Amino acid sequence: MNPFKELPKDSKISYANWTALAVKPYDKNTTDPYTKTRVILMNGTEFESNWFLHQFNRHCLNNEVRRVLAQVRRQEQQQQKRISALKPLDESILEHTIGYEQLAVDLTAEMAQKEPNPIVKEQLDFALLEDFDHLYRYANLLDMDEGVHAERLVGGYTELTPARPTISEHRHPNDDVRRYINCWQDALITRLHTNIITAAEQQTMNYYMNVSGFYHNDLGRKLFSEIAMIEEQHVTGYGSLLDPSSTWFESWVMHEYTECYLYYSCYQDETHPQIKKIWLEHFEEELTHLKIAADMLKKYEGREWQQLFVGGADFPSLIRLKSNIGYIREVIGTVRNTAYKENIVKIDDMPQNADFFKYQSRINSSVSKVASHAVIDKYIKKYGEDYRFEQKPNPEKTLRDRKVDNTDLGRKKGV
């Protein structure tokens, strides 16, 4: 499908009333885990759209353009409110967090397996192991604090077992900046992947930044704060992949195209009848937004949308959230990797005077004070071993001991 050639249901933007925004929430006990993750994904997509349009507004001198941006942004805001209302009141912060991390894991794995650009794929695989480890640590906190086994929440689709220890993920800011793609040379699917994962990780970062102060105990607050810092690193890494040479109008068209692609992907894959209708309605609204953005590109830059899609604008392979256990087990083989400037390298190949080691020494001077480790340590002391959901033992032998949390792997040389 080429969304530019689809006829929008409405040629102009119309706005919903409050009743239309107050949709019925899903049932947390019966709804498929991937429906929940699609809700999180599209909530993050709408957040990104709104903040992009606000930034465009703040860097634009033309009030006629700013008024059009405001019109589109208002409907994007309404879409976000409708999606946000799908989360039920009885779903706790931690239960919802499991959905965030399952999305991060399976969305990243889905894209990494289809990504043709080796630099982008390397970054996807690298961050995948970190989000996978976050899921394991939140799952232990959830069982300890609420007596809920996360394996039920993830539906058995995603394993709960350690990867690169979160303590090993604390890198100097210099080492989170990557090389950017070239939107004129890279495949359309690469442009989509960089847009999608940046928005998704940004939403995760925002969520953890906000809820950390609302968690009901000190250890949980610290864990959310620590992992929010890692998500900041991920947003830096993914955001630096985006082509910085794109104009505001080019970026606007690509944002709207990305939303069309995602809503259509969600619509095709959705099993929840009520939510499937919402995805279709939003897709139809995004077709209108896409046409507006393309018209503005032509009016103010004198360019046709076809010039941004030289290889064609048909949707590439759609996003499909599914179990990726086998692929993730393969990627765990790179658990000893870390980052050095723009490159992903093995920890043993890092210079001894690298910023990574200096930063680690400063931030993690007392391992026992690091929340991600303290959660597992407390769980082991209480129950004798950590909480896991595995189809078979962890593929990394140094991570198989369930009575000790490994805090050296990927952080110290020679481990």
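Structural data are supplied above this passage.
Just so you know, these numbers come straight off a predicted model, no measurement behind them.

Novice: When you look at the overall build of the protein in this model, what are you seeing that I'm missing?
Specialist: When its secondary structure is counted, the protein shows 13 helices and two strands. Against the globule reference of 22 Å for 415 residues, the protein gives a C-alpha radius of gyration of 22 Å, in line with a compact fold. Based on the C-alpha atoms only, the size of the protein along its principal axes is roughly 60 × 45 × 35 Å. Taking all 415 residues of the protein together, the buried fraction comes to 58%. By sequence separation, contacts in the protein at least 24 residues apart represent 84% of the contacts at least 6 residues apart. Taking the 53 positively charged and 61 negatively charged side chains of the protein as two groups, their mean positions are separated by 2 Å.

Novice: When you look at the packing of helix H9 (residues 248-269) against helix H10 (residues 273-301) in this model, what are you seeing that I'm missing?
Specialist: For any two helices packed against each other, one specifies the crossing angle of their axes together with the interaxial distance. At a closest axis distance of 8 Å, the pairing of H9 and H10 adopts a crossing angle of 160°. When the interaxial angle is binned, H9 and H10 end up roughly antiparallel. Two packed elements cross with a definite hand, and for H9 against H10 that hand is left-handed. For the contact of H9 with H10, the per-class residue count stands at 20 nonpolar, three polar and six charged.

Novice: I keep staring at the packing of aromatic side chains and nothing clicks. Help me out?
Specialist: Think of a pair of aromatic rings as described by two things: how far the centres are apart, and how the planes are tilted against each other in angle. Going through the model one piece at a time under the given rule, you end up with 26 aromatic pairs. Where Phe56 meets Phe249, the ring centres are 5.2 Å apart and the plane angle is 85°; that geometry is what we call edge-to-face. Of this pair, Phe56 sits in helix H2 (residues 33-58) while Phe249 sits in helix H9; the two residues are 193 residues apart in sequence, bridging distant segments of the chain. An aromatic cluster of at least three residues, connected via ring pairs, comprises Phe4, Tyr257, Tyr261, Tyr264, Phe283, Trp305, Phe309 and Phe315.

Novice: What is the right way to look at unusual backbone geometry in this model?
Specialist: Leaving glycine aside, a negative phi is the common case for residues, and trans is the common case for peptide bonds. In this structure, Lys341 takes a positive phi of about 55° despite not being glycine. Given the relative accessible area of 36%, Lys341 is considered partly exposed.

Novice: Sorry, what's going on with the pairing of strand S1 (residues 337-340) here?
Specialist: When S1 meets strand S2 (residues 343-346), the two strands line up antiparallel, connected through four bridges. Residue pairing across strands places Tyr340 opposite Asn343, the latter belonging to S2. Turn length for the S1-S2 hairpin, with the two strands adjacent in sequence and antiparallel, is two residues, and the turn residue Lys341 shows positive phi of about 55°.

Novice: Is there a simple way to explain the side chain of Asn364 in this structure?
Specialist: Inspection of the secondary structure assignment puts Asn364 in the loop between helix H12 (355-363) and helix H13 (371-383). Asn364 gets classed as buried once you look at its relative accessible area, which sits at 5%. At a separation of 3.3 Å, a polar atom in the side chain of Asn364 contacts the main-chain carbonyl oxygen of Ile167.

Parameters and conventions
Residues numbered from 1 in each chain as written. Predicted model: local features only at pLDDT ≥ 70, side-chain atom pairs only at ≥ 80, totals over all residues. Heavy atoms only, no water. Helix = DSSP H or I, 4+ residues; strand = E, 2+ residues; numbered from the N terminus. Rg over C-alpha atoms; globule rule 2.2 N^0.38 Å. Buried < 20%, exposed > 50% of the residue type's maximum accessible area, 1.4 Å probe, protein only. Contact = heavy atoms within 4.5 Å. Lys, Arg positive; Asp, Glu negative; His and termini not counted. Charge placed at Lys NZ, Arg CZ, Asp CG, Glu CD. Axes fitted to C-alpha atoms, helices over the stretch in contact; angles between N-to-C directions. Parallel < 35°, antiparallel > 145°, perpendicular 65-115°, else oblique. Left-handed = near helix turned anticlockwise from the far one by under 90°. Nonpolar A, V, L, I, M, F, W, Y, C, P; charged D, E, K, R; others polar. Phe/Tyr/Trp six-rings, centres within 6.5 Å; stacked < 30°, edge-to-face > 60°. Pairing = 2+ DSSP bridges. Polar contact = N/O pair within 3.5 Å; in protein donor to acceptor, adjacent residues only side chain to side chain.

Distances and angles like these do not, on their own, reveal function.
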